[in-house]
Amino acid sequence: MAGLTLKHICKRYPGGVVAVNDFNLEIKDKEFLVLVGPSGCGKSTTLRMIAGLEEISEGELFIDGKFVNDIPPKDRDIAMVFQNYALYPHMTVFENMAFGLKLRKTPKEEIRRRVDEAARILDIAHLLDRKPNALSGGQKQRVALGRCIVREPKVFLLDEPLSNLDAKLRAQMRTELSKIHATLGITFIYVTHDQVEAMTMATRIVVLKDGFMQQVDTPQRLYDEPTNLFVAGFIGTPQMNFIDAHIEKDADNLYLTFAGCRVKIPEDKAKAEELKPYIGQDVIFGIRSEAIHDEPMYLTSMPDSIVSATVEVTELMGDKIYLYLALGENNLVASVSPRSKAKVGDTVQITFDMSRAHFFDKQTEKAILH
């Protein structure tokens, strides 16, 4: 098993294009680390540098305490699962899984033991005699995982391995991967652009944008305490609502004003030292969809943050309804009870749970207060 250390890792391409910039991270042994971000943010490039498939332009990479910048991929004791399964069509599942071990001249009895064990973990023992064209997408992905498991590597690298699967199978495979990680006790480094995958599987998440690390944290802390506007908007479905607002003081109270509305900032937040420099200033007000309510019980209990908005679209999700609302020039999404009576075209009263309000600096886009 192994931890990894990345010190000031950079990747520059000819022409001055910088794909990864000053990447610093300690990855713990047995951790499930997920690199997430939009296309072109540098997450796959980082993974490929760890694998040795891309040369590191600057910085140092250590695997299990060993400097590996100049060590070829085959000697790094890592295994990589790609987006496409890359199975040999003329070989059976058993032969595909055993192929790498045969190249290493592993004894036949040991090959059989490792393949059987991996097939048991992945629940594909009944498929060992089949060829890839007789397998479903999920089964092919399991075989690709099995081919790596039999090598018993120190580190597992996974580059968007579920992106070719349908939604139901993706959800199932997320659970399976978490179980496999727990069973094997191997360090997993996983790349995805899908923040749902990141939130559900990771012990820690690295959020990347334009080659720079934005935040490294647990899924819950990323959701509750995003470090800047980008992370706040990227993590969470639907994304956080953002409103340009102004903080004003009236007597001993602080208020947010926006779109002709005025809502009270709770006393604990109003007293926070971080907010004091912004009194009389413009800020960006952030609020999650589940912190916006239209039910009478919330309107009664949160009277200081009631505003009126127009319903533009409704989406029934079964256990909740998404209300797409217009509030002046602002568009909001509220996640409300399926009992909500709001209809398209209605003007409804909503209230913000201001205990869950986020405030961001309008110039720097950095978080001020959560």
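Since the structure is predicted, the reported quantities are computational estimates derived from the model, not experimental observations.

## As for the overall build of the protein chain
Argument step 1. Of regular secondary structure, the protein chain possesses ten helices and 21 strands.
Argument step 2. By principal-axis analysis of the C-alpha atoms, the protein chain measures approximately 80 × 45 × 35 Å.
Argument step 3. Taking all 370 residues of the protein chain together, the buried fraction comes to 52%.
Argument step 4. Entry remark: accessible area of the protein chain is about 17500 Å², with carbon and sulfur atoms responsible for 49%.
Argument step 5. Here the protein chain holds 46 positive side-chain charges and 51 negative ones, and the gap between their average locations is 8 Å.

## Quick notes on the environment of H181
Argument step 1. Here H181 shows up in helix α5 (residues 167-184).
Argument step 2. With relative accessibility at 12%, the residue H181 sits in the buried group.
Argument step 3. A C-alpha to C-alpha distance of 17 Å links H181 and R114, two positions 67 residues apart in sequence.

## Things to note about the sheet that holds strand β7 (residues 155-159)
Picture the strands of a sheet paired through backbone hydrogen bonds; they go either parallel or antiparallel.
Argument step 1. Taking strand neighbours across the sheet as the criterion, the six strands line up as β6-β7-β8-β3-β9-β10 in an open arrangement whose pairing is mixed. Strands at the two margins of the open sheet, each flanked by one partner only, are β6 (78-81) and β10 (212-217). Ignoring strand direction, the axes of neighbouring strands in this sheet form an average angle of 15°.
Argument step 2. Where strand β3 (residues 32-36) and strand β8 (residues 187-192) come together, five bridges link them in parallel fashion. Each bridged residue has a counterpart across the sheet, and for F32 the counterpart in β8 is F188.
Argument step 3. Strands in contact with α5 are β3, β7 and β8; relative to β8, the strand with the most contacts, it is inclined by about 160°.

## A look at the nonpolar core
Argument step 1. Residues M97, L145 and F156 are the most contacted members of the largest nonpolar core, which totals 50 residues.
Argument step 2. For this core, the element with the most residues is helix α3 (residues 108-122), which contributes six residues.
Argument step 3. Those residues within four positions of M97 in sequence are excluded, and the remaining contacts are V115, A118, A119, I124, L128, V143, G146, R147 and V150.
Argument step 4. Membership of the second largest hydrophobic core comes to 37 residues, among which are I287, A291, L327 and A357.

## Description of the pairing of strand β19 (residues 347-352)
Argument step 1. Alignment of strand β15 (residues 292-293) against β19, held across two bridges, turns out to be antiparallel. Within β19, the position partnered with I292 by the bridge is F352.

## Digging into the sheet that holds strand β11 (residues 241-250)
Argument step 1. The strand order across the open sheet built from six strands is β13-β12-β11-β14-β20-β21, with neighbouring strands paired in antiparallel fashion. At either margin of the open sheet sits one strand with a lone partner, and together these are β13 (261-264) and β21 (367-369). Strand after strand, the sheet turns through a mean of 40° between neighbouring axes, direction not considered.
Argument step 2. Bridge count between strand β14 (residues 282-287) and strand β20 (residues 358-361): four bridges; the pairing is antiparallel. In the sheet register, V283 faces β20, and the bridge partner there is D361.

Analysis parameters
- Residue indices follow the written sequence of each chain, beginning from 1 at its first position.
- Selection of residues for local features in this predicted model requires a pLDDT of at least 70, selection of side-chain atom pairs for listing and counting requires 80 or more, and totals for whole chains, interfaces and linings are taken over all residues.
- Excluding hydrogens and water, the side-chain figures rest on all heavy atoms present in the structure.
- Here a helix means four or more residues in a row that DSSP labels H or I, a strand means two or more in a row labelled E, and each is numbered from the N terminus.
- For every residue, the accessible area obtained with a 1.4 Å probe (protein chains only) is divided by the maximum for its type, and the residue is called buried under 20%, exposed over 50%, and partly exposed between those limits.
- Areas reported as accessible are Shrake-Rupley estimates using a 1.4 Å probe. Residue values count occlusion only from the protein chains shown.
- The sign given to each residue is positive for Lys and Arg and negative for Asp and Glu; His and the chain ends receive no count.
- Every charge is mapped onto a representative atom, which is NZ of Lys, CZ of Arg, CG of Asp or CD of Glu.
- Two strands pair under a simple rule: DSSP has to find at least two bridges between them.
- In this description, a line fitted to the C-alpha atoms serves as the axis of each element, helices being fitted only across the stretch in contact, and the angle between N-to-C directions of two axes falls anywhere from 0 to 180 degrees.
- Residue contacts are defined here by distance: any two heavy atoms, one from each residue, within 4.5 Å place the two residues in contact.
- We define a nonpolar core as any set of buried Ala, Val, Leu, Ile, Met, Phe, Trp, Tyr and Cys residues linked to one another through side-chain atoms lying within 4.5 Å.

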